[in-house]
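The primary structure of each chain is shown beneath.
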Amino acid sequence: LGLDEVSREALHSFGQTLEVVAEQETDAGLGNGGLGRLAACFMDSCASLNLPVMGYGIHYEYGMFRQHIENGYQIEDPDHWLRDGNPWEVERSEFTCRVPFGGHTEHYHDKAGNPRVRWADTNDVLAIPFDMPISGYRNRTVNTLRLWKSAATDEFDLGEFNAGSYTEAVQAKNHAEHISMVLYPNDTSENGKELRLRQQYFLASASLQDALRQWHTAGNSDLTKFAEHNVFQMNDTHPTIAVAELMRLLLDQEGMLWDGAWAITSQCMAYTNHTLLPEALERWPVTVFGRLLPRHLMIIYEINQRFLRQVQTRWPGDIDRMCRKSIIEEGDRRQIRMAHLATVGAHSINGVARLHTELVKSQLLRDFCELWPERFNNKTNGVTPRRWILHANPRLTDVISSHIGTAWIDGDLGRLRALTDHADDPDLLDQLSRVKQANKRDVSRLVRERIGVDLPPEAMFVVQVKRFHEYKRQLLACLQIVSHYLTLKRDPGVDATPRAYIFAGKAAPGYAMAKLHIKLINDVAAVVNSDPAVRGRLAVAFVPNYGVSLAEAIIPSADLSLQISTAGTEASGTSNMKFALNGALTLGTLDGANVEIREAVGPEHFFLFGLHTPEVAALRVSGYDPGAFIARSPALAEALDMVASGFFSLGDRDRFRPIVDALRGRDPYMLCADFDGFATAEARAAAAYRDARDWSRRALHNIAGASRFSSDNTIRQYASEIWGLQPIKTDLARVVTGG
């Protein structure tokens, strides 16, 4: 809004500073992982580009969790981010709607003799909207993020309460309020899984009802034109029940017939796939689905029947193909494939990086791509420069603007490419180096204050901050630290580049192996940081409770960004883009958006290692043997032996046995195959870091090249190629005068 100085002056009159006051605000508990942060970047870009886009989500009372480390272990605490209220939201109770669950279906005929279905005896939940403004960058556009809070239709059963059944009397109220209570409930139990489904339907139903209400309120009566003016972008499988819900609303509430309703639905819906991992492609047991959403189960069966008729017509007698493509997965426990429902019901299916989209087309949804190749497209993710340079890295912002002006901030990040004209300017390179060192000193202070670990600012800062998952391979970096530590211990006089490793990220509460990886990193850090023999030469820090605010501090400080997932597993990644924009060099595999980043910044400014996607696939087919790779890598074998011996666990040989056994046994993400390549690439980076000016030149090429990955570019593509949406500039004079 450009109100920084005004705010500073106002706060100064109260004896306060803007920085101190801003520190009091907690991160919104709406999802600080990749998808949540991507959604925030996209909303920022939509507003900054004057695009009329509305975001929908759930008004979670508690975020994922607050993470603290106790004796090296992740401990989850409630993240009650709304405890003190949220000054940026407005309750819009006049737009409250009802979301039904349970009940049963009844068949009847309408006055015209058409067969109809009535969803009866439902247990309804109220959806109360809270609106948060999403302002564009100095352009007078403010879009809306509407978040739904769940509430019971009745406070409690007065009869049961008067009869003394206090718990039963408020049970319905509690059951309703649980829907918007916690982001990402632990879904390892049946109750947790059911709650996830209730959350997903609650979001989809309330949002679609709201869109139809707005359509009618605006005076529109012809629903056949609805799809010309409304598109719903479904991000991953979580909201894809929206396909069946829009059909229900059009059939049962609006009185349409099937063909007309399907024509609207299939033109309104668009599906973005964000992951190739099987566990993230949701399947819901038919029994659970039918109990909670009996009407939707009927609709999905009908969608599937009509779809399979198309498949049968195109490929007569190909039963295997029909089974592969069916929305219903047969077996001992029939399940609904939500990715298939989204694909059948959407007019556009996109991946989020060029490699990822090709894998979606050739592997994940290959059968569907053969049927509808025109529906598949790529939209490589991006990040907003307003958040991830202008706000997070003001020092870098000032240096860039002093050389190429400020137009790059206003929506054309591509102007950063002009920096390459100054790639041999020693003054600019030295300024970039000074900015990085200042940012590193800030993070060193932050880390010292939070966990008591000293990170030498002159060391190469090697950073891996992201959700903990085996495929992201934080373990690979940890084992390389062990190997390097042993090298320094064997040869104290070796002339090695000092390294400071920074990790941050949360593991899902029910993900035991990922949590054990966090414990190992913390135990390795405790040994390394307490050893005077390597002090100043090697340090390791795990900074707890990773979120947006912490990312804004850490990312500008990084020298080397670790993006080391197994090729073919990461859909895109966005931290890789944020790091490059802030002048970090990437050490990574050819996975996700790394492929495009390497092209954009130049292969010589990217430290590549690891198997490529076809090689990973070939190894899996031929029978991957991690033992063979361990046998030919003395460094890896030694590191594993040290972990297995109890050296990092006070002699407890069992603590990390699951990790060592998994690597020596299955090693599903081929860490052993990539270890030597990673160690070699890391050593190349460390050697390059010793030439400070050349490193700054490489950093400059990363900043300039990563300009391709602005979320503004991504959103322009969504708007023109999927949504059919044009910018609308706000005429403030008309708004003020009511004209």
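So, here is what we can say about the structure in this document. Here the residue numbering is sequential within each chain, running from 1 through the sequence in written order. For a predicted model such as this one, the threshold for reporting local features is a pLDDT of at least 70, and the threshold for listing and counting side-chain atom pairs is 80 or more; totals across whole chains, interfaces and linings nevertheless cover every residue. To obtain the side-chain values, all non-hydrogen atoms of the structure were used and water was disregarded.

## Brief notes about the packing of aromatic side chains
Note the threshold: Within 6.5 Å between ring centres, the rings of Phe, Tyr and Trp (the latter by its six-membered ring) count as paired, and their orientation is classed by plane angle as stacked under 30 degrees, edge-to-face over 60, tilted in between. Runs of H or I in DSSP of at least four residues are treated as helices and runs of E of at least two as strands, each being numbered from the N terminus. In this scheme, a residue with accessible area under 20% of its type's maximum is buried, one over 50% is exposed, and one in between is partly exposed, where area comes from a 1.4 Å probe on protein chains only. Charges are assigned to positions over rings by a cutoff of 6 Å between ring centre and Lys NZ or Arg CZ, combined with an angular limit of 35 degrees from the ring normal.
Summed over all chains, the structure comprises 16 aromatic pairs. The interplanar angle of 85 degrees and the centroid separation of 5.5 Å between the aromatic rings of Phe101 and Tyr201 together place this pair among those described as edge-to-face. Taken as a pair, Phe101 in the loop between strand E5 (97-99) and strand E6 (104-109) and Tyr201 in helix H7 (residues 190-217) lie far apart in primary sequence, 100 residues in all. Overall, Phe101 belongs to the buried group, its relative accessible area being 2%. You can call Tyr201 buried: its relative accessible area is 0%. Here Tyr718 and Trp723 contribute two aromatic rings whose centre-to-centre distance is 5.5 Å and whose plane-to-plane angle is 25 degrees, an arrangement assigned as stacked. What makes Trp723 buried here is its relative accessible area of 18%. The cationic tip of Arg198 hangs over the ring face of Phe101; the distance from NZ or CZ to the ring centre is 4.5 Å.

## With respect to the pattern of salt bridges
The criterion, for reference: Any carboxyl oxygen of Asp or Glu that lies within 4 Å of a side-chain nitrogen of Lys or Arg is treated as forming a salt bridge with it.
Scanning the model with the defined rule gives 51 salt bridges in all. Arg321 serves as the salt-bridge partner of Asp367, at 3.4 Å between the closest nitrogen and oxygen. Residue Asp367 is found in helix H16 (residues 366-371), and its partner Arg321 is found in helix H13 (residues 319-325); the two are separated by 46 residues along the sequence. Among the residues examined, Asp367 registers a relative accessible area of 13% and is labelled buried. Across the salt bridge formed by Asp694 and Arg698, the nearest N and O atoms sit 3.1 Å from each other.

## Topic: unusual backbone geometry
Even without glycine at this site, Asn50 takes up a positive phi of about 65 degrees. Mapping Asn50 onto the fold places it in the loop between helix H3 (34-48) and strand E1 (54-58). Overall, the relative accessible area of 10% leaves Asn50 in the buried class.

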